[in-house]
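Below, each chain spelled out in residue letters.
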Protein chains: 2
Amino acid sequence: MSDNPRLQPPGGTEMLAWVRHYRRAWLSGDLTAGLVLSIMVIPQSMAYAMLAGMPVQVGLYASLLPLLGYALFGSSMSMSVGPVAVTGLMTATLLAPLASIGSPDYLQLAVWLALLSGGMLFVLGLLRLGFLANFLSHPVISGFISGAAILILFSQLPSLLGRESLPHGLRELVREWHLVNTLVLGMGLAALAWLLYARSWMAGHLRGLGLPGALATLLARLAPIVVVVVAVWATWYFDLAAHGVPVVGHLPAGLPALVWSTPGLGDLRQLLLPAALISLVTFVESVSIAQSLARRKRQSINPDRELLGLGAANLGSAVTGGFAVAGGFSRSSVNIEAGANTPVAGVIAALIIGLILLTVAPLFAYLPLVMLAAVIMVAVTPLIDVRSLIRAWRYDRAEGLTLLSTLLGVLILGVEGGIILGVCWSIVAQLWRGSRPHVAVIGRVPDTHYFRNTKRHLVETVPQLLALRIDENIFFANTKAVEQAIYQALADYPDTREVLLILSAVNHIDSTGLDMLSELTEGLNERGIHLHLAEVKGPLMDHLEHTDWITRQVDQLFPSTHIAFNTLAELKRPD
Amino acid sequence: MSDNPRLQPPGGTEMLAWVRHYRRAWLSGDLTAGLVLSIMVIPQSMAYAMLAGMPVQVGLYASLLPLLGYALFGSSMSMSVGPVAVTGLMTATLLAPLASIGSPDYLQLAVWLALLSGGMLFVLGLLRLGFLANFLSHPVISGFISGAAILILFSQLPSLLGRESLPHGLRELVREWHLVNTLVLGMGLAALAWLLYARSWMAGHLRGLGLPGALATLLARLAPIVVVVVAVWATWYFDLAAHGVPVVGHLPAGLPALVWSTPGLGDLRQLLLPAALISLVTFVESVSIAQSLARRKRQSINPDRELLGLGAANLGSAVTGGFAVAGGFSRSSVNIEAGANTPVAGVIAALIIGLILLTVAPLFAYLPLVMLAAVIMVAVTPLIDVRSLIRAWRYDRAEGLTLLSTLLGVLILGVEGGIILGVCWSIVAQLWRGSRPHVAVIGRVPDTHYFRNTKRHLVETVPQLLALRIDENIFFANTKAVEQAIYQALADYPDTREVLLILSAVNHIDSTGLDMLSELTEGLNERGIHLHLAEVKGPLMDHLEHTDWITRQVDQLFPSTHIAFNTLAELKRPD
């Protein structure tokens, strides 16, 4: 990888620019990254397939075409796309009401879900509608991811205990302890310990042994494959399946067949909302990952091309019988840390995974499911983001509540209800904020051109003139409050003959607001009080200039508060 | 009625102040108004009861206690409360899925709907939650009322044709013309003609005959009672019921019994959403009527007391077996035109209606239903408000679309779906507006302290300094757009070393916006560009002052753009 920015692969701008401008110097980085990536995603992909209620090999299938599809259309140079925890969970929970997990119907629905969501993403990309994702605020995303991570953690407890389902409480767990397969539990805890060690301390210890920092980090990232290899060997050698350890079982060799199937109208209707939600989450999560990766390398990404890339990736997953995929944070981090310069790294990873499917994949039949559960649990724990909750709460109670209600919504109502609740909550919070406008009576800072709130600063006022600064767009949710504030100010300053509204902070007035202002002005005029405006912004004036309010009811318009103050303070009207 | 404002009845402020301060001079106005009001509301109330799917006498019952209840708690001196077209329609359409119209179950549900909605309104009043109604924007209200009026018009066509239900099309109407009762149709058209004449020309003609203007207007308003009297006489004299003219039929004499019944949990659950919607519409409509009446007499109203008054009115209607009531525009107009000074007018009207129930009410058994249909049709036609649609459309496409989609929503999805669609649409329109922020590169108007958009004015700029004014609150829906606008400006001004954000029009920054600004500042700092702020508003600063963004990343804070410009234009930094 070159440090000269001119020699860096271009991100974001032109489609496939990295192909036309590919430099040999980038190849070694891309090769290493592809190899490392493939080793890292094999256990993860199988684990997330299990989470999604699919056969584990489907996780590997969903790591082939998506990487190629994203490489063709996406704009990030280092993001890696494939099965991730959240799409796995969403697939399982969104489809659970429609078909029993693992049944042929279920597998078909999962494929259609990926197909539909891929189609939606691609079409949104073509229509350049990437901005739609802006309606997910950060607290909603953070609350959603934390809630999903907690759900995922709990979903893995039965596998960890070697049971079919979770006991209803601790008391029941103790009473039915004989049903717990302690061999499975022991293997699971050992794997968890190893994986946690690898994540938190291994890199430091390897560096202590004299390895270069980057290599130490990478080796630690690859620790999960050790779990897989050791577990496969031990299961085969000790014939653990015969001791009641649930294993992956039959796993066909070879590449997936390409199958295109179209859902019927009934299925389509059932899958529309789930597909829309999964698309939304996929897009928002992936774009934020792509952006943070691009910032690291001072590149840029293009949200509409991200939509195309993610759409193509999901379509690719669907035609190989896979489930919904997205950009993954840990897989992308490994990719960039291993030196990926372009999507070539992803293509190489896909080739290696394909090779593994053709050769050693049947060995994974010996893999105990508890190992995959351990991989999942360690992968999702860092997604529970308590720090964001604290930060949002400190900054603004409403935002903290948004985050918390999204999180609890996910836990109580499920992923669907949680995300809808969060979006509604953040919209209501935004309206609520706008519905309590700050309206300040202002005066002049002595001997200056500046005007400030009379309640915060020592300023001069003129008895006949009431100057009010409205610090909010005037729209349906706050018209009553603005009206009330103005009448309150009039009651506080009973000698007022001229009212000056300073609109420097008003960017829009909707028709409800306009109706109120018009009635207000009429009421003032009847009482012999005149209304003037100052600092009306250009775009707002474009809107207002033909209304009766401006042309007939408002007295004077001033470009600045200073001029308005000077003119109106001197004004003598005949009584 | 006195012209001296000190002698006018106080509105809005104290509870029942009009009782303590009652003046003999007000009595004659109140008496006349009470008499006129009672005559006017008798046909209307019966008609709206028919619209609501209730026996016609229930309309009269619902005109007794509501007037007293509102008089006790309400704040308007001239609003008249009772059955209105919209609550009649809403009762019928909201209850239609729950029970067959006219059945005992249906009558019970209608009473409970009034009870529940009255309870909600009263509790909201006690909690001073009147501001909740602000979430209905004017276009939504206007679209809703127009849509409801169209629905009501169509609902009366079968009665006009003397048929049970509407034919499916014009062709079917012609083919089944023999089913149309032409006698009924003729009576209906005659009544429509008379009512339309009375509304549009009668007052002018009466004035032409030498009557004083106010009296002429009042007499014209009372024309519907003529229809009722003539129709009752003709039906009795010609025994029209025997000729297949549907009539009111049995109508019991006497006052309604007071009955209190409480709905069960199942009914309660079914009725909650309908009651909430009917409460919302009742409150919004009534308050806007009360406000326009109060303005005419330079009085004021109190929204929370309106909630109490409307709540008491609906509870009063419920205990007499009535349905949901609200403030009516035409009945209130008649009240104020006839000289009402205080709610005493309403109390007198209630007494007169009670007297009529005790005496001549059984005669209404002869009233043909088609007359009531004609009364309804003439009453609701002016509610179809095309002018508001045109005005909203001209002012802002989004507002016109909100109005239109609410109207069509009511027609296609029903009153429930229409109002929910309208509220959602207006919220989305508001977010949409906020999601496209105006960000201006500004410069100094030569030799002044003023700063303006470089694209709209001839201003001076400094090469190293990029001054940007953000004309919108920064929140989740527009963070991407603000970020993009800033980067675009940086690309347009490549020599920038100092970026100045002028926040005079920014009243809030949410946590999503803060995250964006923080990342943006970090990105700029990495490129050796410094970020400064000017004109941060007091309330916003209270929020921001402890964030990392302000304390660590932002370079300087300036009280005014002028000072910032002077300081930053001179700034020399070591390279």
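Residues numbered from 1 in each chain as written. Chains lettered and ligands numbered in written order. Predicted model: local features only at pLDDT ≥ 70, side-chain atom pairs only at ≥ 80, totals over all residues. Heavy atoms only, no water.

J.: What exactly am I supposed to notice about the overall build of chain A here?
T.: Helix and strand counts for chain A come out as 23 helices and eight strands. Taken along its principal axes, the extent of the C-alpha atoms in chain A is 105 × 65 × 55 Å. Looking at chain A as a whole, 56% of its 575 residues are labelled buried. Sequence-distant contacts in chain A: of pairs separated by 6 or more residues, those separated by 24 or more amount to 80%. For chain A, the computed accessible surface area is about 24,400 Å², with 64% contributed by carbon and sulfur atoms. (Helix = DSSP H or I, 4+ residues; strand = E, 2+ residues; numbered from the N terminus. Buried < 20%, exposed > 50% of the residue type's maximum accessible area, 1.4 Å probe, protein only. Contact = heavy atoms within 4.5 Å. Areas by Shrake-Rupley, 256 points an atom, 1.4 Å probe, with all protein chains shown as cover.)

J.: How should a nonpolar patch on the surface be read in this particular structure?
T.: Taken together, the side chains of Trp-393, Leu-401, Leu-404, Leu-408, Leu-411, Ile-412, Leu-413, Leu-421 and Trp-425 of chain A define a hydrophobic patch exposed on the protein surface, amounting to about 790 Å² of accessible area. For the nonpolar patch, the element with the most residues is helix α18 (residues 397-434) of chain A, which contributes eight residues. (Patch = residues over 30% accessible without salt bridge, like charges linked within 9 Å, V, L, I, M, F, W, Y side chains within 5 Å. Salt bridge = Lys/Arg side-chain N within 4 Å of Asp/Glu carboxyl O.)

J.: What's the story with the sheet that holds strand β6 (residues 498-502) of chain B in this structure? I'm lost.
T.: Adjacent strands of a sheet form backbone hydrogen bonds with each other and so pair up, either parallel or antiparallel. Residues and elements named next belong to chain B. In space, the six strands of this open sheet follow the order β4-β3-β5-β6-β7-β8, with mixed pairing throughout. The sheet terminates laterally at β4 (451-453) and β8 (557-558), the two strands that pair on one side only. Two elements, strand β3 (residues 439-444) and β4, share three bridges in a ladder whose sense is antiparallel. Looking at β4, one finds that Ile-442 is bridged to Asn-453. (Pairing = 2+ DSSP bridges.)

J.: I'm lost on the UniProt feature "domain: STAS" (unreviewed entry) in chain A in this one. Help?
T.: UniProt tags residues 455-568 of chain A as "domain: STAS" (unreviewed entry). A distance of 22 Å separates the end C-alpha atoms of residues 455-568 of chain A, which is 45% helix and 16% strand. (UniProt positions renumbered as here; feature names shortened; annotations may be inferred.)

J.: Can you help me understand the pairing of strand β6 (residues 498-502) of chain A in this one?
T.: A regular strand places its side chains on the two faces of the sheet in alternate fashion. All names here are of chain A. When you tally the buried positions in β6, you get five out of five residues, the bulk of the element. Burial of β6 is two-sided: the residues Glu-498, Leu-500 and Ile-502 facing one way and the residues Val-499 and Leu-501 facing the other way are all buried. Judged from the five bridges that link them, strand β5 (residues 465-470) and β6 form a sheet pairing that is parallel. The residue bridging Leu-465 from the neighbouring strand is Glu-498, located in β6. Following the chain from β5 across helix α19 (residues 479-492) to the adjacent parallel β6, one finds a crossover that is right-handed. Two elements, β6 and strand β7 (residues 530-534), share five bridges in a ladder whose sense is parallel. If you follow Ile-502 over to β7, its bridge partner there is Ala-534. (Right-handed = clockwise from strand over helix to strand, strands pointing away.)

J.: For this particular structure, what's the right way to read the domain arrangement of chain A?
T.: Frequently, the measure chosen for interface size is the accessible area that the parts lose on association. You can read the domains of chain A as domain 1 (22-383), domain 2 (400-434) and domain 3 (439-569). Each of domain 2 of chain A and domain 3 of chain A was reduced to a C-alpha centroid, and the two centroids are 36 Å apart. (Domains from an automatic or database assignment.)

J.: Mind showing me how you'd approach the nonpolar core here?
T.: Counting residues in hydrophobic clusters, the biggest one holds 131 residues, and the most contacted among them are Met-90, Phe-144, Phe-364 and Leu-367 of chain A. If we ignore the near neighbours within four places in the chain, the residues touching Phe-364 of chain A are Ile-42, Met-46, Leu-60, Val-228, Val-232, Val-248, Leu-251 and Ile-356 of chain A. If you look at the next biggest cluster of nonpolar residues, it comprises 125 residues, including Leu-67, Trp-112, Ala-231 and Ala-345 of chain B. (Core = buried A, V, L, I, M, F, W, Y, C linked by side-chain atoms within 4.5 Å.)

J.: Explanation requested: the relation of the copies chain A and chain B in the structure shown.
T.: Superposition of chain A onto chain B requires a rotation of 179 degrees combined with a translation of 0.0 Å along the rotation axis, giving an RMSD of 0.1 Å. Such a turn and shift between the copies fits a two-fold axis. By C-alpha distance to the rotation axis, the residue of chain A lying nearest is Ala-505 of chain A, at 1.8 Å. Comparing contact sets, 100% of the residues at the interface of chain A also lie at the interface in chain B, consistent with an isologous, same-surface contact. (Least-squares fit on C-alpha atoms with pLDDT ≥ 70 in both.)

J.: How should the interface of chain A and chain B be read in this particular structure?
T.: Across the contact, 55 residues belong to chain A and 57 residues belong to chain B. Carbon and sulfur atoms supply 52% of the area buried between chain A and chain B, which totals about 5,300 Å² over both sides. Per-residue buried area on chain A facing chain B is highest for Asn-134, Tyr-395 and Phe-476 of chain A; these three make up 14% of the total on that side. Taken together, the connections running from chain A to chain B amount to six salt bridges. When the shortest N-O distance is used, the salt bridge between Lys-537 of chain B and Asp-471 of chain A registers 3.0 Å. (Buried area = accessible area lost by both parts, 1.4 Å probe.)

J.: Looking at this model, I keep getting lost on unusual backbone geometry. Mind explaining?
T.: Negative phi values dominate among residues other than glycine, just as trans dominates among peptide bonds. A positive phi angle, near 55 degrees, is found at Arg-128 of chain A, a position not held by glycine. Positionally, Arg-128 of chain A belongs in the loop between α6 (104-126) and α7 (138-161). For Arg-128 of chain A, a relative accessible area of 59% corresponds to the exposed category. Positive phi is not limited to glycine here, since Asp-239 of chain B has a value of about 50 degrees. Topologically, Asp-239 of chain B is positioned in the loop between α11 (223-238) and α12 (265-296).

J.: Whenever I open this one, the packing of helix α5 (residues 85-95) of chain A against α7 of chain A confuses me. Can you help?
T.: The description of two packed helices rests on the angle between their axes and on the distance between the axes. Residue and element names in this part refer to chain A. Remark: α5 packs on α7, axes separated minimally by 10 Å, with the N-to-C direction vectors making an angle of 70 degrees. In terms of orientation, α5 lies roughly perpendicular with respect to α7. As α5 runs across α7, the sense of the crossing is left-handed. From α5, Ala-85, Val-86, Leu-89 and Met-90 reach across to α7, where they touch Phe-144, Ile-145, Ala-148, Leu-151 and Ile-152. (Axes fitted to C-alpha atoms, helices over the stretch in contact; angles between N-to-C directions. Parallel < 35°, antiparallel > 145°, perpendicular 65-115°, else oblique. Left-handed = near helix turned anticlockwise from the far one by under 90°.)

J.: Whenever I open this one, the pattern of salt bridges confuses me. Can you help?
T.: If the charged atoms of two oppositely charged side chains come close together, the side chains can form a pair. All chains considered together, the criterion is met by 16 salt bridges over all chains. Between Arg-391 of chain A and Asp-515 of chain B there is a salt bridge whose closest N-O contact spans 2.8 Å. With Arg-391 of chain A in helix α17 (residues 386-395) and Asp-515 of chain B in helix α20 (residues 511-526), this residue pair bridges two chains. For Arg-469 of chain B, the salt bridge is made with Asp-471 of chain B, and the minimal N-O distance between the two is 2.8 Å. Here Arg-469 of chain B falls in the buried class, since its relative accessible area comes to 13%. Its relative accessible area of 2% is what places Asp-471 of chain B among the buried residues. A single network of salt bridges, built from pairs that share partners, joins Asp-396, Glu-399 and Arg-433 of chain A.

J.: Help me understand α11 of chain B, please; the structure alone is not making it clear to me.
T.: Three- or four-residue spacings in an α-helix give side chains the same orientation, since the helix completes a turn every 3.6 residues. All names here are of chain B. Its 16 residues place the ends of α11 23 Å apart at the C-alpha level, agreeing with the 22 Å of an ideal helix rising 1.5 Å per residue. Listed in full, the buried residues belonging to α11 are Ala-223, Pro-224, Val-227, Val-228, Ala-231, Val-232, Ala-234 and Thr-235. Looking at the buried residues of α11, the elements they touch are α2 (24-51), α9 (182-208), α10 (213-221) and α16 (369-380). One or two positions beyond α11, positive phi appears at Asp-239, with a value near 50 degrees. (Expected span 1.5 Å × (residues − 1).)

J.: Please explain the packing of aromatic side chains as it appears in this structure.
T.: For any pair of aromatic rings, geometry is given as the distance between the ring centres together with the angle between the planes. Within this structure, the stated rule accounts for 18 aromatic pairs over all chains. Taking the centre distance of 6.3 Å and the plane angle of 55 degrees together, the rings of Trp-236 of chain B and Tyr-237 of chain B count as tilted. Assigned by exposure class, Trp-236 of chain B and Tyr-237 of chain B land together as exposed. An aromatic cluster of three or more residues is present, and its members are Trp-233, Trp-236, Tyr-237 and Phe-238 of chain A. (Phe/Tyr/Trp six-rings, centres within 6.5 Å; stacked < 30°, edge-to-face > 60°.)

J.: Mind showing me how you'd approach the pairing of β5 of chain A here?
T.: Residue and element names in this part refer to chain A. With six of six residues buried, β5 is to be regarded as a mostly interior element. Two elements, strand β3 (residues 439-444) and β5, share three bridges in a ladder whose sense is antiparallel. Across the sheet, Val-439 pairs through a bridge with Ile-470, a residue of β5.

J.: In this structure, what is going on with the sheet that holds β3 of chain A? I would like to understand it.
T.: Residue and element names in this part refer to chain A. Read across the open sheet, the six strands follow the order β4-β3-β5-β6-β7-β8; overall the sheet is mixed. Unpaired on one side and paired on the other, β4 (451-453) and β8 (557-558) mark the two borders of the sheet. Running at roughly 70 degrees to β3, helix α23 (residues 561-570) makes contact with β3, β4, β5, β6, β7 and β8 of the sheet.

J.: What am I meant to see in the confidence of the model for chain A here?
T.: Close reading of the predicted structure is inappropriate where its pLDDT is low. Per-residue confidence for chain A averages 88 on the pLDDT scale, and 97% of its residues sit at or above 70. Taken together, the stretch residues 1-12 of chain A has pLDDT below 50 and engages in 27 contacts with residues farther than four places along the chain or on a different chain. (pLDDT = per-residue confidence, 0-100.)

J.: What exactly am I supposed to notice about the side chain of Asn-181 of chain B here?
T.: Residue and element names in this part refer to chain B. Mapped onto the elements of the fold, Asn-181 is located in the loop between α8 (170-175) and α9. Exposure remark for Asn-181: the relative accessible area of 16% places this residue in the buried category. Beyond its immediate chain neighbours, meaning those up to four positions away, Asn-181 contacts Leu-161, Gly-162, His-243, Gly-244 and Val-245.

J.: Just checking my understanding: could you explain the side chain of Asp-515 of chain A for this structure?
T.: Residue Asp-515 of chain A is classed as buried on the basis of its relative accessible area, which comes to 18%. Dropping the residues within four chain positions of it, Asp-515 of chain A is found in contact with His-138 and Arg-391 of chain B.

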